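One-letter residues, chain by chain:
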Amino acid sequence: MLSVAEAQSRVLAAAGARRREAVPLAEAHGRYLAEDVTALLSQPPFHASAMDGYAVCFRDIAPGMILPVIGEAIAGKAFDGTVEAGTAVRVLTGAPIPEGTDTVILQEDVAYEDGAIRIMEDLPAAPGRHVRKAGQDFAAGAVLLQAGAKLTARAIALMAAAGHGTAPVYARPRVVIVSTGDELVPPGETPGRDQIINSNGVMLSCLARAAGAEVRDLGILPDRHDVIRDALAKAAAEADILVTVGGASVGDHDYVQAALVDAGATIDFWKIAMRPGKPMMLGRLGDAVAIGLPGNPVSAYVCAQLFLLPLVRHLLGAAAPFPAPLEARLTVGLPANGPRANYQRAAVTAGPGGWEITPFPVQDSAMLSRLEAANALLIRPANAPAAEKGSNVAFLPLNND
Ligand code: AMP
Ligand code: MG
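Re helix α4 (residues 225-236)
Within an α-helix, residues lying three or four positions from one another point in the same direction, as the helix has 3.6 residues per turn.
In step 1: Over its 12 residues, α4 runs 16 Å from end to end, which matches the ideal 16 Å to within 8%, given 1.5 Å per residue.
In step 2: Restricting attention to buried positions, one finds in α4 the residues Ile228, Leu232, Ala235 and Ala236. Viewed end-on, α4 has its buried residues packed into an arc of 95 degrees, placing them on one side of the element.
In step 3: Its buried side turned inward, α4 meets β13 (174-180), β16 (214-221), β17 (241-245), α5 (256-262), β20 (281-285) and β21 (288-293).

A word on the site of ligand 1
In step 1: Close to ligand 1 lie 13 residues; Glu183, Asn198, Asn200, Gly247 and Gly295 are nearest.
In step 2: One nitrogen or oxygen atom from the side chain of Asn200 is found 3.3 Å from a nitrogen atom belonging to ligand 1.
In step 3: Backbone polar atom of Gly295 to an oxygen atom of ligand 1: 3.0 Å apart, as the coordinates give it.
In step 4: Across the complex, the protein chains shield 75% of the 480 Å² of accessible surface that ligand 1 would expose by itself.
In step 5: Taken together, the residues that form the shell around ligand 1 break down as 3 nonpolar, 8 polar and 2 charged.

Comments concerning the sheet that holds strand β7 (residues 103-106)
In step 1: If you walk across this open sheet you meet the 6 strands as β7-β4-β6-β5-β9-β8, and the pairing is mixed. Unpaired on one side and paired on the other, β7 and β8 (110-113) mark the two borders of the sheet. When the angles between neighbouring strand axes are averaged without regard to direction, this sheet yields 40 degrees.
In step 2: In this sheet, strand β9 (residues 116-119) lies alongside strand β5 (residues 66-73) in antiparallel orientation, the contact comprising 3 bridges. Within β9, the position partnered with Leu67 by the bridge is Ile117.

Quick look at the nonpolar core
In step 1: Ranked by internal contacts, the top residues of the largest apolar core, which has 49 residues, are Ile291, Phe307 and Tyr343.
In step 2: Considering every element that reaches this core, the biggest residue donor is helix α6 (residues 297-316), with 13 residues.
In step 3: Split by domain, the residues of this core number at least three in each of domain 1 (4-18 + 171-316) and domain 4 (326-397).
In step 4: Every residue in contact with Phe307, bar those within four places of it in the chain, is listed here: Val4, Ala7, Gln8, Val11, Ile272, Met274, Met280 and Ile291.
In step 5: Counting residues in hydrophobic clusters, the runner-up holds 17 residues, among them Leu221, Ala236, Met281 and Ala288.

What to know about the packing of aromatic side chains
In step 1: Per the stated rule, a full pass over the model turns up 1 aromatic pair.
In step 2: Ring plane angle 15 degrees and centroid distance 6.4 Å describe the contact between Tyr54 and Tyr112, whose orientation is recorded as stacked. In this pair, Tyr54 sits in strand β4 (residues 53-56) while Tyr112 sits in strand β8, placing the two residues 58 residues apart along the sequence.
In step 3: Looking at Arg18, its charged tip hangs above the ring of Tyr170, at a distance of 5.1 Å from the centre.
In step 4: Above the ring of Phe360, the side-chain terminus of Arg370 is found at 4.9 Å from the ring centroid.

Details of the pattern of salt bridges
In step 1: This model, assessed by the stated rule, comprises 11 salt bridges.
In step 2: Glu35 is the partner of Arg20 in a salt bridge, and the nearest nitrogen-oxygen pair spans 3.5 Å. Of this pair, Arg20 sits in strand β1 (residues 20-24) while Glu35 sits in the loop between β1 and β2 (37-38), and the two are 15 residues apart along the sequence.
In step 3: Given the relative accessible area of 38%, Glu35 is considered partly exposed.
In step 4: For Arg224, the salt bridge identified is with Asp226, shortest N-O distance 3.3 Å.
In step 5: Residue classification places Arg224 among the partly exposed residues on the basis of a relative accessible area of 46%.
In step 6: You can call Asp226 partly exposed: its relative accessible area is 32%.
In step 7: Connected through salt bridges with shared partners, the residues Glu6, Arg10 and Asp268 form a single ionic network.

Quick notes on the pairing of β4
In step 1: One ladder, built from 3 bridges, connects β4 with strand β6 (residues 88-91); its direction is antiparallel. Its bridge partner lying in β6, Gly53 is registered against Val91.
In step 2: The pairing of β4 with β7 spans 4 bridges and is classified as antiparallel. Following the sheet pairing, Tyr54 is matched in β7 by Ile105.

Focus on the pairing of β20
In step 1: Where burial is concerned, most of β20 is hidden: 4 out of the 5 residues are buried.
In step 2: As paired elements, strand β18 (residues 266-269) and β20 share 3 bridges and run antiparallel to each other. From the neighbouring strand, Ile267 faces β20, where its bridge partner is Gly283.
In step 3: Pairing geometry for β20 and β21, over 5 bridges, is antiparallel. Directly across from Leu285, in β21, lies its bridge partner Ala288.
In step 4: The turn linking β20 back onto β21 is made up of 2 residues, and Gly286 within it adopts a positive phi angle of 60 degrees.

Concerning helix α3 (residues 200-210)
In step 1: Among the residues making up α3, those that are buried are Asn200, Gly201, Met203, Leu204, Ser205, Leu207 and Ala208.
In step 2: The secondary structure elements touched by the buried residues of α3 are β13, β16, β17, β21 and α6.

The rules behind each value
Residues numbered from 1 in each chain as written. Chains lettered and ligands numbered in written order. Predicted model: local features only at pLDDT ≥ 70, side-chain atom pairs only at ≥ 80, totals over all residues. Heavy atoms only, no water. Helix = DSSP H or I, 4+ residues; strand = E, 2+ residues; numbered from the N terminus. Expected span 1.5 Å × (residues − 1). Buried < 20%, exposed > 50% of the residue type's maximum accessible area, 1.4 Å probe, protein only. Arc of directions from axis to C-beta. Contact = heavy atoms within 4.5 Å. Near = heavy atom within 4 Å. Polar contact = N/O pair within 3.5 Å; in protein donor to acceptor, adjacent residues only side chain to side chain. Areas by Shrake-Rupley, 256 points an atom, 1.4 Å probe, with all protein chains shown as cover. Nonpolar A, V, L, I, M, F, W, Y, C, P; charged D, E, K, R; others polar. Pairing = 2+ DSSP bridges. Axes fitted to C-alpha atoms, helices over the stretch in contact; angles between N-to-C directions. Core = buried A, V, L, I, M, F, W, Y, C linked by side-chain atoms within 4.5 Å. Domains from an automatic or database assignment. Phe/Tyr/Trp six-rings, centres within 6.5 Å; stacked < 30°, edge-to-face > 60°. Lys NZ or Arg CZ within 6 Å of the ring centre and 35° of its normal. Salt bridge = Lys/Arg side-chain N within 4 Å of Asp/Glu carboxyl O.

Encoded structure:
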């Protein structure tokens, strides 16, 4: 059986090349840059006033001096003309500093009367005071953001200010989800006496979409070899990641692997040393990575967190696509673990000395109520020795997922 870490690196290795696209800035939030971004213009584009006041030429003024105000400059409306020595121009924040001036005196530092200002005796000004120099934020041609950077709202504002209307990013991976099983009916329908509801499809759609994928959920396929084979072949042509749910083992009624092979797929692995989620499958069908998730909802969820979502993030351009574990103190002792890494549903709370974690006593991979109640997956590595109450263990926070 493969270790989780080995399986994770094989999942990334199975990924094809990332596709690039340019998207409008408003749609670029959370995406990753496919190339460096340089400034197309300087910011500010002109020397600008940082305050409301009066623009003067510092060299020409002295305490007590009276200067006629010969015009005004406001944001979006520059003062045309040159300011002669001994005169001032009213300027508001963001306005271009008029030609012939270099300093702004705050309006509270002058007395204004009859179209003129009188400079105070203890003038607190200095040359260049309250002026934002052209290009002091960034200069045209400067590299503002590096390839691989994640586009935050701040980074997008920076790109906009620097003259860009679109961002060069990696395309959202197209994820197609197919659930298999004769026992399944869609959410909202009334199941027959031997049926259950397909809860995995919506769960995986939400997860993959939140991770940045473009998701299509094709719904439920019956447990029939030819139907599954044909549907997967068709779906793979329009997917970067083809996700199947259920039927991933090699039981009598597990059709996915055989159907994938019959459709032309190559299969990499299908057993991982982990709990829940052992029967996971990785393959390639055409240009799509095929990920076969187990049908048990908790197994499907944990495998999505560990394998599917990192693959989505990797294709989006993330350099560190795997979830980063945190540490918490155990509130209970735990026995030694077996040869399979165990991801236990757990509750994490803030204690006086940091996070504290309590695994749920019942760890059943079919129980969605326990999964929903958890806010963490406690990680018990393969063959971990017994852990005492109060010792530190790793966990994956589940945040809003
Ligand atoms: P399988 O992987 O097909 O052997 O399914 C394992 C268990 O998960 C069975 O109890 C299935 O009924 C259940 N299951 C399979 N697919 C889904 C699904 N899409 N939603 C909820 N439960 C499922
Ligand atoms: Mg099944």
